[in-house]
Amino acid sequence: MSRPNFGIPKGLLVTLKNIIRHPVTVQYPDERLVISRRARGTDIIWNKNTCIACRACERACPTKAISIDVSRGEDKKLKVDRFQIDFGTCIACGLCVESCPVEDALYMSYSYERAVYRREDLISSDDELLPGEGKQPSGYAHPEVEKTLTLQTLLLDKDREDSQ
Ligand code: SF4
Ligand code: SF4
């Protein structure tokens, strides 16, 4: 006598379970999670007013994505003539931010979208790197910024919120 085959009901049970299960994904870009407060984003924010032109960030960069020209002003102090970052080669390691000796001169950004059509559009210089509207510094290596940001949304938290 042949043994009963439970393959089909078992398969249907798996399908039913997954139909009623809460989704583990979000519908990006309509739905967005809050990223880590210490995220190393797709931009770097440079504060021209506090930068002392030491070039420590340039030396620390493992991919040579940063290039800085400096000169001496009339007061004999070093000043930056050109500060450029190629985000096409930047690997978002954060070493430039960590190596900066000035507390508020360099920040990783909190953004995670930087899609462009041309590679040259990934190069940013001088004014394009300055803090401004829509440029939120990340708390990476900056605990004073981290304290001001919202806690990261974990999918676990999202499930809890939805079930309340
Ligand atoms: S994050 Fe890393 S790769 Fe990018 S510019 Fe800074 S040091 Fe270079
Ligand atoms: S390490 Fe900091 S202070 Fe020195 S050049 Fe880079 S941004 Fe300016």
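What comes next concerns the included structure. Given the structure is predicted, the values throughout are model-derived calculations rather than measurements.

**As for the nonpolar core**
Point 1. Counting 22 residues, the largest nonpolar core has Ile 44, Cys 57, Ile 66, Phe 83, Ile 85, Cys 96 and Leu 106 as the members making the most contacts within it.
Point 2. Those elements that provide at least two residues to this core are strand E1 (44-46), strand E2 (66-72), strand E3 (78-86), helix H3 (95-99) and strand E4 (106-108).
Point 3. A per-element tally of this core places E3 first, with three residues.
Point 4. With residues near it in sequence (within four places) discarded, Ile 85 still touches Ile 44, Ala 65, Ile 66, Leu 122, Ile 123, Ser 124 and Leu 129.
Point 5. Ile 45, Tyr 107, Val 145 and Leu 149 belong to the second-largest nonpolar core, a separate cluster that totals five residues.

**Quick notes on the packing of aromatic side chains**
Point 1. Summed over all chains, the structure comprises two aromatic pairs.
Point 2. Ring centres of Tyr 28 and Tyr 112 lie 6.4 Å apart, and the angle between their planes is 45°; on these two criteria the pair is classed as tilted. Of this pair, Tyr 28 sits in the loop between helix H1 (7-20) and E1 while Tyr 112 sits in the loop between E4 and strand E5 (123-125), and the two are 84 residues apart along the sequence.
Point 3. The class of Tyr 112 is partly exposed, set by a relative accessible area of 37%.
Point 4. Considering the side-chain rings of Trp 46 and Phe 83, the 4.3 Å spacing of their centres and the 20° angle between planes classify their relative orientation as stacked. Note that Trp 46 is positioned in strand E1 and Phe 83 in strand E3, a separation of 37 residues in sequence. Comparing Trp 46 with Phe 83 shows no difference in burial state: the two are buried.
Point 5. The ring of Tyr 140 is capped by Arg 40, whose NZ or CZ atom sits 5.4 Å from the centre of that ring.

**Regarding H1**
Point 1. For H1, with 14 residues, the first-to-last C-alpha span of 21 Å sits near the 20 Å given by 1.5 Å per residue.
Point 2. Across the 14 residues that make up H1, only a small minority, zero, are buried.

**So, unusual backbone geometry**
Point 1. Cis geometry is found at the peptide bond from Tyr 28 to Pro 29, where omega equals 5°.
Point 2. Structurally, Pro 29 can be placed in the loop between H1 and E1.
Point 3. Positioned with a positive phi, Lys 76 is a non-glycine residue whose angle comes to about 70°.
Point 4. Taking relative accessible area as the criterion, Lys 76 reaches 62% and is therefore assigned exposed.
Point 5. Of note in this structure, Ala 92 is not a glycine but carries a positive phi near 55°.

**Considerations on the pairing of E3**
Point 1. Note: E2 against E3, seven bridges, orientation antiparallel. Note that in E3 the partner of Ser 71 across the bridge is Lys 79.
Point 2. With antiparallel pairing between neighbouring strands as the criterion, E2 and E3 make up a hairpin whose turn holds five residues, including Lys 76 at a positive phi of roughly 70°.
Point 3. Across three bridges, the pairing between E3 and E5 is antiparallel. Of the residues in E5, the one forming a bridge with Gln 84 is Ser 125.

Parameters at a glance
Throughout, residues of each chain are indexed from 1 in the direction in which the sequence is written. Written order decides the labels, with chains lettered from A and ligands numbered from 1. Totals for whole chains, interfaces and linings use every residue, but because this is a predicted model, local features are given only for residues with pLDDT of at least 70 and side-chain atom pairs only at 80 or more, for both listing and counting. Note: side-chain values were computed over all heavy atoms of the structure, leaving out hydrogens and water. Only buried Ala, Val, Leu, Ile, Met, Phe, Trp, Tyr and Cys residues count toward a nonpolar core, and they belong to the same one when joined by side-chain atoms within 4.5 Å. Residue burial is assigned from relative accessible area. The probe radius is 1.4 Å, only protein chains are included, and a residue is buried under 20% of its type maximum, exposed over 50%, and partly exposed in between. A helix here means a DSSP run of H or I that spans at least four residues, while a strand means a run of E at least two residues long, and both kinds are numbered starting from the N terminus. Note on contacts: a residue pair is in contact if any heavy atoms of the two residues lie within 4.5 Å. Note on aromatic pairs: the rings of Phe, Tyr and Trp (six-membered ring only in Trp) are paired at centre separations within 6.5 Å, and the planes decide the class, stacked below 30 degrees, edge-to-face beyond 60, tilted for the rest. The rule for a charge over a ring is simple: NZ of Lys or CZ of Arg within 6 Å of the ring centre, and within 35 degrees of the ring normal. Given a helix with a known number of residues, its expected span is that number minus one, times 1.5 Å. A strand pair is defined by DSSP finding two or more bridges across the two strands.

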